[in-house]
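Listed below are the residues making up each chain.
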Amino acid sequence: MAGTTDLGLGDLPSDPLLLILSYLDFRDLLSCSFVNRRFNQLCNHDPLWKWPCRKYWLVSEDKKAQKNRSWKATFIEYYLDLGRYIQHYAKMKAAWEALKAYLGEHCPRMISSLKAGVQEEDLNAIEERIGAKLPDDYRCSLRIHNGQKLVVPGLMGSMALSNHYRSEDLLDVDTAAGGFQRRTGLNRCLPITFCIHTGLSQYMALADVEGRCRNEIFYQCPDQTTHNPAAMDMFITGTSFSEWFTTYVNHVVSGDYPIIRDQIFRYEHDRDCVATTDEITISVSTSFLPELSSIHPPHFFFTYRIKMEMAKNALPEKACQLDSRCWRITNAKGNVEEVVGPGVVGDYPQLRAGRVYEYTSCTTFSTTSGYMEGTYTFHRVENKNEVFNVTIPRFYMNCPTFRLSHVTTEESCNDCFLHDDDSTDTDEYEERRRVLDRPVPPTQCTRYT
C-alpha cells in the first residue's frame, strides 16, 4: 500500500488560498505575509487590498485610478498618513461627504465657510499648548475639515424666536484651543461650537474631572440657586465626538431638520405627529433650548413649529380662516393647564387648496418633559356661520439627559423639583424679551392673550 503524504495549507493551489485570504483583515494579511515566501507573494496579490481600501479609506475605483497606484500602495499611503484614525476615518469621512452633498443642494453658501483639514503636526502642537490630549475621533474630523469660519449661519444649526436668535458654528481647533477652560466648574473642557449672538457653546470634556466623563459633549448650565461659580450642571448632547457629529449629520441629511432661509434649524419632527381634519393637516416639530433653561431652579424651555396645510385638491368652498386656539398642556407630574386665545402669534391665517402656513411658538415646563395637544377653530370664508375645529396632534417635549454639578453647598436647592410651576403657552412670541449672554432665565414664561 502506497504511503500517504500529508498536505499542508501552503500546498493548496493558489486560487483557494486567495479566496481564503480575501476574508482576512489587513492586519491578518500582513501577518500571513511573514509565514513564508509563497504566502508573502499571495498576500501581495493586489486585488486583496481593494476591500481594505474601500472599507477604511473609502477609496473608489476612480480615485484609485487618479493616483495611478496599486491597491496595496494606495492602502499604505493612506495608512502612513491616517493610520492612527483607521477605526474612525471611514465613519467621519462618510458623514462629512453626506453633509456637504446635502448642503450643496439646500444651502450652498454654507459650503464656503468650511475650512480645509489640518495636519498631524498642527494637532500635536495644539495638544502641547493646552496640556491635554484630543480624542482620536475629534482629531480625525479635524484632519478632514478644520471646522468652519465664524460666520452666520452656523454649520451646527440655528434657532430663532422673534427676540432670540442662535446659530452655532463648528469651531476650528485653534479657536477652540483659545477657549480651553482651566477654571473650576469647566476645568479641562474644550468648546467645539460657538454662537456669536449668545455666547453659547457646546463643550467636550477632555478628562474625567468634576463629575464629567472624558469625551462627553454638553451645554453648560449654571446652578442659579447657588453663588458658587463652580456649581455647573450640564445638558449632555453626546457621549463622543463621532456619535455627536454623525447623529447630527443623520438628522440633517434625512430631512429631519428643516432648511429655513438657507439655514439648518434644529427642530425635530415626529413623523407620527400628524393629524388631518376636513382636508387640513397639522404637523408639529419641537426643539429644546438649553440657553433659556436651567436645572436649578427647574425651568425647561421648548419651542415648537406648527405647520398647517390644506389639501391641494380641496374645493374652493373649503377655504377657511383661523379664529382661535385651545391648548391642553400637561407636564410630567400630570398637572394640566388649558390656554385659550384668539388667532396664533397675532395672526388669523387663511387656508385654501394647497396653501401652507407655519409659525413658531414656545412653552416652558418645571418638569423635564411634558406634552401639548389641542384644537384650532376655523370658519369658512364664504360662510362665516360654518365653524369647525381642527385637531392639533399630541406632541411630546423632553429635555436631554442632564447631570447635576458635583459641587454641593448649603446654598444649593436640593428639593427644587418638589416645587411645581405651571407650564405656559406663549403664542404671542413677538413680545418675548431679548435673551443674550446666558442671563438667569425666568421661572415661567409670561402669558399673552
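Note that the coordinates shown come from a computational prediction; the quantities given were computed from them, not determined experimentally.

Conventions we followed
- Residues numbered from 1 in each chain as written.
- Predicted model: local features only at pLDDT ≥ 70, side-chain atom pairs only at ≥ 80, totals over all residues.
- Heavy atoms only, no water.
- Helix = DSSP H or I, 4+ residues; strand = E, 2+ residues; numbered from the N terminus.
- Buried < 20%, exposed > 50% of the residue type's maximum accessible area, 1.4 Å probe, protein only.
- Contact = heavy atoms within 4.5 Å.
- Areas by Shrake-Rupley, 256 points an atom, 1.4 Å probe, with all protein chains shown as cover.
- Patch = residues over 30% accessible without salt bridge, like charges linked within 9 Å, V, L, I, M, F, W, Y side chains within 5 Å.
- Salt bridge = Lys/Arg side-chain N within 4 Å of Asp/Glu carboxyl O.
- Expected span 1.5 Å × (residues − 1).
- Arc of directions from axis to C-beta.
- Pairing = 2+ DSSP bridges.
- Axes fitted to C-alpha atoms, helices over the stretch in contact; angles between N-to-C directions.
- Core = buried A, V, L, I, M, F, W, Y, C linked by side-chain atoms within 4.5 Å.
- Parallel < 35°, antiparallel > 145°, perpendicular 65-115°, else oblique.
- Left-handed = near helix turned anticlockwise from the far one by under 90°.
- Nonpolar A, V, L, I, M, F, W, Y, C, P; charged D, E, K, R; others polar.
- pLDDT = per-residue confidence, 0-100.
- Phe/Tyr/Trp six-rings, centres within 6.5 Å; stacked < 30°, edge-to-face > 60°.

**Quick word on the overall build of the protein chain**
Turning to step 1, where the next piece is worked out: A tally of regular secondary structure across the protein chain gives 11 helices and 23 strands.
Turning to step 2, where the next piece is worked out: Within the protein chain, the proportion of its 449 residues that are buried is 51%.
Turning to step 3, where the next piece is worked out: Nonlocal contacts in the protein chain, meaning residues at least 24 apart in sequence, comprise 64% of its contacts between residues at least 6 apart.
Turning to step 4, where the next piece is worked out: Split by element, the accessible area of the protein chain, about 20,900 Å² in all, is 49% carbon and sulfur.

**Notes on a nonpolar patch on the surface**
Turning to step 1, where the next piece is worked out: On the surface, a cluster of nonpolar side chains totalling about 240 Å² of accessible area is made up of L150, V152 and I196.
Turning to step 2, where the next piece is worked out: Structurally, the position occupied by I196 is in the loop between β7 (193-194) and β8 (202-205).

**Some remarks on helix α6 (residues 71-82)**
Turning to step 1, where the next piece is worked out: When the terminal C-alpha atoms of α6 are compared, their 16 Å separation across 12 residues agrees well with the 16 Å that a helix rising 1.5 Å per residue should span.
Turning to step 2, where the next piece is worked out: Taken together, the buried positions of α6 are W71, T74, F75, Y78 and L82. An end-on view of α6 places all buried positions within 100° of arc, on one side of the element.
Turning to step 3, where the next piece is worked out: On the buried face of α6, the contacting elements are α2 (26-32), α4 (50-57), α5 (61-67), α7 (89-106) and α9 (136-144).

**Thoughts on the pattern of salt bridges**
Pairing between side chains of opposite charge can happen when the charged atoms of each approach one another.
Turning to step 1, where the next piece is worked out: Within this structure, the stated rule accounts for 27 salt bridges.
Turning to step 2, where the next piece is worked out: Residue R212 pairs with E210 through a salt bridge whose shortest N-O separation is 2.4 Å.
Turning to step 3, where the next piece is worked out: Two residues, D278 and R380, come together in a salt bridge whose shortest N-O distance is 2.2 Å. With D278 in the loop between β13 (268-277) and β14 (280-288) and R380 in strand β20 (residues 369-380), the pair connects residues that are 102 residues apart, well separated along the chain.
Turning to step 4, where the next piece is worked out: Judged by relative accessible area, D278 falls into the partly exposed class, the value being 30%.
Turning to step 5, where the next piece is worked out: Connected via shared salt-bridge partners are D81, R84, E120, E127, K133, D136, R139 and R143.

**Considerations on the sheet that holds strand β10 (residues 232-238)**
Backbone-to-backbone hydrogen bonds pair the strands of a sheet. The strands run either parallel or antiparallel.
Turning to step 1, where the next piece is worked out: Taken in spatial order, the 5 strands of this open sheet run β6-β8-β9-β10-β22, and their pairing is antiparallel. Of all the strands in the sheet, the pair left with one neighbour each is β6 (189-191) and β22 (402-403).
Turning to step 2, where the next piece is worked out: Sheet topology places strand β9 (residues 217-222) next to β10; 6 bridges connect them, and they run antiparallel. When the sheet's bridge partners are listed, C221 is paired in β10 with D233.
Turning to step 3, where the next piece is worked out: Each of β8, β9 and β10 is contacted by helix α11 (residues 241-253), which is oriented at about 60° to β10, the strand it contacts most.

**Topic: the nonpolar core**
Turning to step 1, where the next piece is worked out: Ranked by internal contacts, the top residues of the largest apolar core, which has 62 residues, are W57, L134, Y138, L155, L190, F241 and F245.
Turning to step 2, where the next piece is worked out: When residues in this core are grouped by element, the largest group, 7 residues, is from α7.
Turning to step 3, where the next piece is worked out: With sequence-adjacent residues up to four places away left out, L134 is seen in contact with L123, I126, E127, R139, V173, L190, L206 and R214.
Turning to step 4, where the next piece is worked out: Counting 38 residues, the second-largest nonpolar core is a separate cluster that includes L200, Y219, Y357 and F378.

**Observations concerning the pairing of β10**
A regular strand places its side chains on the two faces of the sheet in alternate fashion.
Turning to step 1, where the next piece is worked out: Counting buried residues along β10, 6 of its 7 residues qualify, which places the element largely inside the surrounding structure.
Turning to step 2, where the next piece is worked out: Both β10 and β22 contribute to a ladder of 2 bridges, which runs antiparallel. Looking at the pairing, M234 lines up with R403 of β22.

**Considering the pairing of strand β17 (residues 336-342)**
Turning to step 1, where the next piece is worked out: Side chains of β17 alternate between two faces, with E337, V339 and G341 buried and V336, E338, V340 and P342 left unburied.
Turning to step 2, where the next piece is worked out: Turn length for the strand β16 (residues 320-331)-β17 hairpin, with the two strands adjacent in sequence and antiparallel, is 4 residues, and the turn residue G334 shows positive phi of about 90°.

**A look at the packing of α7 against α9**
The relative placement of two packed helices comes down to the angle between their axes together with the axis-to-axis distance.
Turning to step 1, where the next piece is worked out: Packing of α7 against α9 leaves a shortest axis separation of 9 Å and a crossing angle of 45°. Our classification of the angle between α7 and α9 gives oblique. Our pair here, α7 against α9, has a crossing hand that is right-handed. Counted together, Y89, M92, K93 and W96 of α7 and D137, C140, S141 and I144 of α9 form the full contact between these two elements.
Turning to step 2, where the next piece is worked out: Class assignment of the residues belonging to the contact of α7 with α9 gives a composition of 5 nonpolar, 1 polar and 2 charged.

**A closer look at the confidence of the model for the protein chain**
Turning to step 1, where the next piece is worked out: Within the protein chain, residue pLDDT values average 88, and 88% of them lie at 70 or more.
Turning to step 2, where the next piece is worked out: Taken together, the stretch residues 428-449 has pLDDT below 50 and engages in 68 contacts with residues farther than four places along the chain or on a different chain.

**Notes on α7**
Turning to step 1, where the next piece is worked out: End to end, α7 covers 26 Å across 18 residues, agreeing with the expected 26 Å (1.5 Å per residue, within 8%).
Turning to step 2, where the next piece is worked out: For α7, the set of buried residues is Y89, A90, M92, K93, A95, W96, L99, Y102 and L103.

**What about the packing of aromatic side chains?**
Turning to step 1, where the next piece is worked out: For the structure shown, the criterion picks out 26 aromatic pairs.
Turning to step 2, where the next piece is worked out: Plain terms: the ring middles of W327 and F395 are 5.9 Å apart, the flat faces sit at 85° to each other, and that makes the pair edge-to-face. Of this pair, W327 sits in strand β16 while F395 sits in strand β21 (residues 387-398), and the two are 68 residues apart along the sequence. Neither W327 nor F395 differs from the other in exposure class; each is buried.
Turning to step 3, where the next piece is worked out: Measuring from ring centre to ring centre gives 6.3 Å for Y357 and Y359, while their planes differ by 40°; the resulting arrangement is tilted. Neither residue differs from the other here; Y357 and Y359 are each classed as buried.

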